[in-house]
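So the chains spell out like this:
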Amino acid sequence: MRMTKLPEIHIKAVNLAKRVNVSEGSLTILHDISLTINQGETVAIVGASGSGKSTLLSLLAGLDVPSAGEVFLTGQPLHSLSEDDRAGIRAAHVGFVFQSFLLLPSLTAIENITLPAELAGDKQARQRALTLLKQVGLQDRADFYPAQLSGGEQQRVAIARAFITQPAILFADEPSANLDATTGQRIEDLLFELNQQQGTTLVLVTHNAELAARCQRQLKMQAGRFVDTEEPAHVG
Amino acid sequence: MWASIAWRLFWRELKRGELWVIAFALFLAVFSVVSLSGITQTVRVALEQRSAQFIAADRVLGSSQPFNPEIIRLAQQQTLQVAQQMQFDSMLFSAQQMQLATIKAVDTAYPLRGELVLHQSDNVLSGELGSLTPGQIWVEPRLLGLLEVSIGDDIELGSSRLQVAGVIVNEPDAPLSVFGGSPRVIMHIADVAATGIVQPGSRISYRYLFAGGNAELDRFATEVTPLMSVHERWRNRDRQTAVGGALERAERFLLLAGLLGIVLAACAAAVAASRYSQRHAQAVAIIKALGATTAQVRRIYSSHLMLVVLFSLGLGLLLGQVTLLGVESAIVLYVGDFRPEFSLRPIWLGSLTCILCALLFAARPLWQLTITPAIQVLKQPVQQLAFDRWQFITGAVAVFGLMWLFSGEWLISIGLFLVCGVFVGALLGIAALMVKAAKPVAAGQSSAGKLALANLRRRLWANSFQLITFSLALFLALLLYFVRAELIGQWQQQIPEGAPNHFLVNVSEAQRSQLADFAKAHQLQSEPFYPVVRGRLVQVNQEQMRDEATKEDRTEQRTGVGRELNLTWLSTLPTANKILSGNWFSTESRGEVSVEQELAERLGLKLDDQVQFSIGGQMVSAKISSIRQVDWNSLQPNFYMILSPDLLKDFPASYITAFYIEPDRYQLVNQLARLMPTVTVLSVEAIIKQVQDIIAQVTVALSFILLIIILASALVLVAQVQATLEQREQELAILRTLGARYAFLRNALILEFTFLGALAGLFATVLAEVLLLTLQQRLFELPFSFHYALWWMGPLSGALLVSALGWWQLRRLLQVPGAVLIRRVLQG
Ligand SMILES: Nc1ncnc2c1ncn2[C@@H]1O[C@H](COP(=O)(O)OP(=O)(O)OP(=O)(O)O)[C@@H](O)[C@H]1O
Ligand SMILES: [Mg+2]
């Protein structure tokens, strides 16, 4: 049914640039990035370390603002919104899986998962969190603190947390980089599974060619630019 | 929803320590303010109530005009108790003798405070209690001898005859003058009219006595002011003002000393709060990345601060009040007649202090925390322990605000603030120099000492603030310890154990040997006899004295200077006297006089002026060779004029002497009175006891403050060590991985803290010595002497305290197995 309509544009970036101040002056870490991502699409951003992937993701998610250019998320101009307005959009539409998990150490697994829902004022948070916890296979770890969980377990909690608000868009920054191959594989499966179930737009950063290949589209970055813009790359 | 998140985070955070440090710091602030201001308040109320007994009322209005019914009506309107009293000197006549006496006529309401004790006998120690009735007269025991009358006889006063009903045992508001005066008599005010003594122009002093609640008294005082003429004035409890003033100064001193403890505690709170904020920066970034707005984050973290404030405030107020109740019941036990007055001042002062500390020391770091941007999630958390500028400014504002709040004086606040600023500046400078001077440790050699020094150097660089707070904490503790010892020593010196508590006045030449025998027989320590000759100052530099200058009413209350002065001659300067200018008599001094400074000022007398006295009709001339300052609180016979011995030797003199009589031997006083009826015995026991009570109470308060300062100092140490906990954890993990042994790490740790403590102790010692020497000269007027004990106590206590606290804080870290430590560090 979705195919019958024109795909709705979910993320749009126009001539994005990011400059940072360093001791020697100003350094441009993103140059002239433009892209559009449609609803329900899965997109991989690949590239060498330091090429600017995380930076781009943070701009698309509205964690940071570009030095130049425009970003639209579900039609909202992130570049001209305040930090708090951007937070509101994240709360409503965005899920995030970070490179280094970023769980709150003083909250248990289940509390970490419910946190975004509670911030959004959701009363049913706990029920859904339990379901998600089961989905990621951690139902018996609900009351563990992050320090008591292994890296893979922490990342699964982080994924459950990302999905609790049923976000329209999920950003994942190297979700399996810190994990062994098998666990990494399970995490990735989980992401795509949830993407399929909830129709979530998935934007993920990865060094892993296999993972990138599972996405509908790949964007390759080098020194702050797209190499083959808007061209799906096929890696064998 | 944010509330449940806030609550969960708060609850988990309690385990981490920083919140406890903030809570304890705030608690300490509230508790110390409530109890200190409460205690001084209570002591003052107790003192006021006791001094009220000395004027037989809460307030006394004196007048030279007959009673104004309007004033009494106003007082009754305010539901005050009122008593009326008249006092005049008059001759009493018995069948055989006549005698000038001071007559006090009172109504039955008298006294409103304290107790009037009358005995229907000629004996102050036994006899049935009597009460005042018209037609009767009660007399001082020596008057019975002077008039040669016994109980039941009539005596004449003016044109009435009154019956001697008994003796006065205790008259609460009798003047305390070591020179005595005429014998005292009490009669009913209803009998005054019949005596015919009240004539236009007769010297009668009228007094209104009032008692009641403070609010009513104050309201009455403002209402009555427009009615008062030049003849009416409030009579101060002048005998108490010296003690009262001392207590007021004591309160200010205590609060300011306590304030330094509070500032220390607040610094600890600030350190803990900024540490807390830094640790939470990542969490805030995560929460924001997950979609929380700044306002939500602010609610979460301000609720943490609020919970801590509420907890500390509640507990501080509660324990403060409990302490206060304890003190009050102790005073009741000790003093007996004491009505505690509830006051809101300690409560609002404590609450205000707590809120001010929380807002200005802890709120800033938390505010900083909440503006952490979401993008921070992608960055490494930055470790920085230095105070930011705003924190420094708000902290300084808070300290100044508190100083002003406690002292109520701009000058003191500014002065103290500047002194503190200079100290911090000096410490900063020294710390910077020390760090610069420290040599880098040679690489490749590993000993615990080397590691300790290396750690220290690195941390000193990173944060000399730590050294400053340690030094300041130790400095305050040391300073207070020594000031306390010095204060107590000085007070106790003022009223040593066994200081004379009974003065004998009006002793004749013949009675001297009799008294000496009496003292010997009863093993009383006898004090020197001061000769007294009454004389009148008639000329200064050939100029006739204006009569008015030495008029009794000007000076009577304080010292008993009469129209005649009490003159004495002495060859040695009495202890409570200090020469301000000129020189004390030498053995060759002839025809010289030493004048008390206030009197000299009032009469315009200068050094080398020639003054002339008229003594028993003879003229005696003397040159002023010195001006003296007299400590009127010294409970010693004090004199305005002391003449060189050659001048007065040949005049008939009476003598003043004093005894210390133990409380269980007071019947000796009665024996003495019977043996020598013309001698007046004055007890200063009540005043001595009062001063001793105050000393005891202030001593307790000082010790209390010392305790608070030590606690606050320890708190600063704990907060500072906690602040470096994570950094140390990382270092330890690395060192453990590299194969360092437990004993090695432990020794290095202890050495590091010992050295740091000793260094801070040394700074503290130098500062404390400088300040103590200044205080010694300025405040205590003691000779210059170093505090040798300080020089070993300072560094030693610093080393011990800091190393013990550091060890206590970090020992768990050392005991964590290396693997666990590494895992913890790596996983953040
Ligand atoms: N705040 C900053 N200040 C200075 N340089 C920065 C800042 N943020 C990012 N950079 C630089 O920008 C470049 C891109 O960083 P980014 O984190 O986006 O890389 P990345 O592609 O995610 O790398 P990796 O695959 O290692 O995660 C890097 O060279 C980084 O050093
Ligand atoms: Mg990255």
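Residues numbered from 1 in each chain as written. Chains lettered and ligands numbered in written order. Predicted model: local features only at pLDDT ≥ 70, side-chain atom pairs only at ≥ 80, totals over all residues. Heavy atoms only, no water.

## Topic: the overall build of chain B
Across its full length, chain B holds 23 helices and 22 strands. Classification of the 828 residues of chain B by burial places 52% in the buried group. In the form shown here, chain B has an accessible surface area of approximately 37,300 Å², with 60% of it arising from carbon and sulfur atoms. (Helix = DSSP H or I, 4+ residues; strand = E, 2+ residues; numbered from the N terminus. Buried < 20%, exposed > 50% of the residue type's maximum accessible area, 1.4 Å probe, protein only. Areas by Shrake-Rupley, 256 points an atom, 1.4 Å probe, with all protein chains shown as cover.)

## Some remarks on the overall build of chain A
When helices and strands are tallied, chain A shows seven helices and 10 strands. The buried share of chain A, reckoned over its 236 residues, is 52%. Intrachain contacts of chain A at a sequence separation of at least 6 include 69% that bridge at least 24 residues. Carbon and sulfur atoms make up 49% of the accessible area of chain A, which totals about 10,300 Å². (Contact = heavy atoms within 4.5 Å.)

## So, the sheet that holds strand 5 (residues 76–77) of chain A
All names here are of chain A. The strand order 2-1-4-5 describes an open sheet built from four strands, whose pairing is antiparallel. A strand with exactly one partner marks an edge of an open sheet, and here the two such strands are strand 2 (25–38) and strand 5. Where strand 1 (residues 9–22) meets strand 2, 10 bridges bridge the pair, whose relative direction is antiparallel. When the bridges of strand 2 are listed, A13 appears paired with L35. (Pairing = 2+ DSSP bridges.)

## Some words on the site of ligand 1
In the vicinity of ligand 1, 15 residues are found, and the nearest of them are S49, G50, K53, S54 and T55 of chain A. Residues close to ligand 1 are split across chains A and B. S51 of chain A is positioned such that a nitrogen or oxygen atom in its backbone is 3.3 Å from an oxygen atom of ligand 1. Taken by itself ligand 1 offers 640 Å² of open surface, and the protein chains cover 63% of this. (Near = heavy atom within 4 Å. Polar contact = N/O pair within 3.5 Å; in protein donor to acceptor, adjacent residues only side chain to side chain.)

## Considering the confidence of the model for chain A
Residues and elements named next belong to chain A. Within chain A, residue pLDDT values average 84, and 92% of them lie at 70 or more. The low-confidence segment residues 1–5, where pLDDT is below 50, has two contacts with residues more than four positions distant or belonging to other chains. Scored below 50 in pLDDT, residues 229–236 shows 12 contacts in the model against residues more than four places distant or in partner chains. (pLDDT = per-residue confidence, 0-100.)

## A word on the nonpolar core
Ranked by internal contacts, the top residues of the largest apolar core, which has 151 residues, are I11, L35, L56, L60, L63 and F171 of chain A together with Y301 of chain B. Broken down by element, this core gets its largest block of residues, 22 residues, from helix 7 (residues 238–289) of chain B. The next biggest cluster of nonpolar side chains, apart from the first, holds 40 residues, and it includes V533, I624, A653 and V669 of chain B. (Core = buried A, V, L, I, M, F, W, Y, C linked by side-chain atoms within 4.5 Å.)

## Re the pairing of strand 1 of chain A
On a regular strand, one side chain projects to one face of the sheet and the next to the other, so that they alternate. Residue and element names in this part refer to chain A. Hairpin geometry of strand 1 and strand 2 is characterised by an intervening segment of two residues between the two adjacent antiparallel strands. Where strand 1 lies against strand 4 (residues 68–73), five bridges are found, and the strand directions are antiparallel. Counterpart to A13 in the pairing with strand 4 is V71.

## Quick notes on the packing of aromatic side chains
If you walk through the whole model with that rule in mind, you get 20 aromatic pairs over all chains. In this structure, R298 of chain B packs its charged tip against the face of W367 of chain B, placed 3.7 Å from the ring centre. (Phe/Tyr/Trp six-rings, centres within 6.5 Å; stacked < 30°, edge-to-face > 60°. Lys NZ or Arg CZ within 6 Å of the ring centre and 35° of its normal.)

## Things to note about the interface of chain A and chain B
Facing the 31 residues of chain A at the interface are 27 residues of chain B. Roughly 2,600 Å² of surface becomes buried between chain A and chain B when both sides are summed, with 62% attributable to carbon and sulfur atoms. Counting across the chain A and chain B interface gives three salt bridges. Taking the shortest distance from any N to any O, the salt bridge between E111 of chain A and R12 of chain B comes out at 2.5 Å. For the pair chain A and chain B, the interface holds nine residue pairs in polar contact (both at pLDDT 80 or more). Contributing elements (two or more residues each) for the side of chain A that touches chain B: helix 1 (53–60), helix 2 (83–93), helix 3 (109–119) and helix 5 (151–163) of chain A. Residues that form the side of chain A that touches chain B fall into these classes: 14 nonpolar, nine polar and eight charged. (Buried area = accessible area lost by both parts, 1.4 Å probe. Salt bridge = Lys/Arg side-chain N within 4 Å of Asp/Glu carboxyl O. Nonpolar A, V, L, I, M, F, W, Y, C, P; charged D, E, K, R; others polar.)

## Things to note about unusual backbone geometry
A cis amide bond links Y110 of chain B to the next residue, P111 of chain B, at an omega of -10°. If you trace the backbone, P111 of chain B turns up in the loop between strand 3 (98–106) and strand 4 (117–119). Of note in this structure, Q166 of chain A is not a glycine but carries a positive phi near 50°. Looking at the element boundaries, Q166 of chain A is found in the loop between helix 5 and strand 7 (169–173). The exposure class of Q166 of chain A is partly exposed, given its relative accessible area of 47%.

## Describing the pairing of strand 15 (residues 565–569) of chain B
Residue and element names in this part refer to chain B. The buried fraction of strand 15 amounts to five of the five residues, a majority that puts the element mostly inside the structure. Here strand 15 shows two buried faces, one formed by L565, L567 and W569 and the other by N566 and T568. Note that strand 13 (residues 530–540) and strand 15 share three bridges and pair antiparallel. Residue pairing for strand 15: G535 is matched across the bridge by L565. Relative to strand 20 (residues 641–643), strand 15 is paired through three bridges, and the arrangement is parallel. Its bridge partner being in strand 20, T568 is matched across the sheet by I642.

## Things to note about helix 10 (residues 389–407) of chain B
Residue and element names in this part refer to chain B. Given a rise of 1.5 Å per residue, 19 residues ought to cover 27 Å, and the 27 Å separating the end C-alpha atoms of helix 10 matches this to within 8%. Of all the residues in helix 10, the buried ones are Q391, T394, G395, A398, V399, L402, M403, L405, F406 and S407. Downstream of helix 10 by one or two residues, G408 has phi in the positive range, about 65°. (Expected span 1.5 Å × (residues − 1).)

## A look at the side chain of D609 of chain B
Residue and element names in this part refer to chain B. Within the fold, D609 resides in the loop between helix 16 (597–603) and strand 18 (610–615). Owing to a relative accessible area of 5%, D609 belongs among the buried residues under this scheme. If we ignore the near neighbours within four places in the chain, the residues touching D609 are V540, N541, G604, A622, K623 and I624.

## A few points about helix 6 (residues 181–198) of chain A
Residue and element names in this part refer to chain A. Counted at 1.5 Å a residue, the expected span for helix 6 with its 18 residues is 26 Å, and the 26 Å between its end C-alpha atoms agrees. Within the span of helix 6, buried status applies to T183, G184, I187, E188, L190, L191, F192, L194 and N195. The secondary structure elements touched by the buried residues of helix 6 are strand 3 (42–47), helix 4 (125–135), helix 5, strand 7, strand 8 (201–205) and helix 7 (209–214). Immediately beyond the C-terminal end of helix 6, within one or two residues, lies G199, with a positive phi of roughly 65°.

## Description of the sheet that holds strand 8 of chain A
Residue and element names in this part refer to chain A. With mixed pairing, six strands are arranged side by side in an open sheet as 6-7-8-3-9-10. Strand pairing shows two members of the sheet lacking a second neighbour, strand 6 (94–97) and strand 10 (225–226), which therefore form its edges. The sheet contact formed by strand 3 and strand 9 (residues 217–222) spans five bridges and is parallel. Its bridge partner lying in strand 9, V46 is registered against K220. Sitting on the sheet, helix 2 touches strand 6 and strand 7, and the angle it makes with strand 6 is about 85°. Sitting on the sheet, helix 5 is in contact with strand 6 and strand 7, with an inclination near 175° to strand 6. (Axes fitted to C-alpha atoms, helices over the stretch in contact; angles between N-to-C directions.)

## Topic: the pattern of salt bridges
Residue and element names in this part refer to chain B. Considering all chains together, one arrives at 18 salt bridges over all chains under this definition. Note that E70 is salt-bridged to R73, the shortest N-O span being 2.8 Å. Residue E70 and its partner R73 are located together in helix 3 (residues 69–77), separated by three residues, close to a single helical turn. Residue class for R73 comes out partly exposed when judged on its relative accessible area of 40%. Residues E171 and K104 are paired through a salt bridge, measuring 2.6 Å at the closest nitrogen-oxygen approach.

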